[in-house]
Amino acid sequence: MEQQEPSSPPTTPTTPAERCYQSHLKQVSLYQKRNPEKMREKCKRYMTNLKETNSAKYEEILQQKRDYYHNVVKPKKLKKMEDKKNDCIS
């Protein structure tokens, strides 16, 4: 059997409901960018509540954060430091 390529979603929403949904997502994103303090507080409150009510999920999220740091952030940071060091030597 042939594999069908997944059709890419249309770039512009076709129905009014889709346009409303896309507009809502855009407005939420803008709100979050304009209010980083509120978003930080909301995240902190969520994590505190999660720690108290569902410790298994909380531990899972912490492990995902640790994995992301060790697999993505730290290698980028080390590469950047090496590049700076090499630029200073050159």
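Below is a short write-up of the structure.

This part covers the overall build of the chain. Looking only at helices and strands, the chain has 3 helices and 0 strands in total. Along its sequence from the N terminus, the chain presents helices and strands in the succession α-α-α. Looking at the chain as a whole, 6% of its 90 residues qualify as buried. Here the chain displays about 8,900 Å² of accessible surface, and carbon together with sulfur accounts for 54% of that area.

Between helix α1 (residues 16–34) and helix α2 (residues 36–53), whose axes approach to 5 Å, the crossing angle comes to 95°. Regarding the angle of α1 to α2, the classification is roughly perpendicular. For the pair α1 and α2, contact is made by Tyr31, Gln32, Lys33 and Arg34 and by Pro36, Lys38 and Met39, respectively. Residues of the contact of α1 with α2, tallied by class, amount to 3 nonpolar, 1 polar and 3 charged.

For the rest of this paragraph, the subject is the packing of α2 against helix α3 (residues 55–89). Running from N to C, α2 and α3 cross one another at 130°; their axes reach a closest spacing of 6 Å. In terms of their interaxial angle, α2 and α3 are classed as oblique. Seen from α2, the contacting residues are Tyr46, Met47, Leu50, Lys51 and Thr53; seen from α3, they are Ser55, Lys57, Tyr58, Ile61 and Lys65. Among the residues making up the contact of α2 with α3, the classes are represented as 5 nonpolar, 2 polar and 3 charged.

Turning our eyes to something else, we now look at a nonpolar patch on the surface. Judged by side-chain polarity, Tyr68, Tyr69 and Val73 come together as a nonpolar surface patch covering roughly 270 Å² of accessible area. Locating valine 73 in the fold gives a position in helix α3.

The rules behind these values
Residues numbered from 1 in each chain as written. Predicted model: local features only at pLDDT ≥ 70, side-chain atom pairs only at ≥ 80, totals over all residues. Heavy atoms only, no water. Helix = DSSP H or I, 4+ residues; strand = E, 2+ residues; numbered from the N terminus. Buried < 20%, exposed > 50% of the residue type's maximum accessible area, 1.4 Å probe, protein only. Areas by Shrake-Rupley, 256 points an atom, 1.4 Å probe, with all protein chains shown as cover. Axes fitted to C-alpha atoms, helices over the stretch in contact; angles between N-to-C directions. Parallel < 35°, antiparallel > 145°, perpendicular 65-115°, else oblique. Contact = heavy atoms within 4.5 Å. Nonpolar A, V, L, I, M, F, W, Y, C, P; charged D, E, K, R; others polar. Patch = residues over 30% accessible without salt bridge, like charges linked within 9 Å, V, L, I, M, F, W, Y side chains within 5 Å. Salt bridge = Lys/Arg side-chain N within 4 Å of Asp/Glu carboxyl O.

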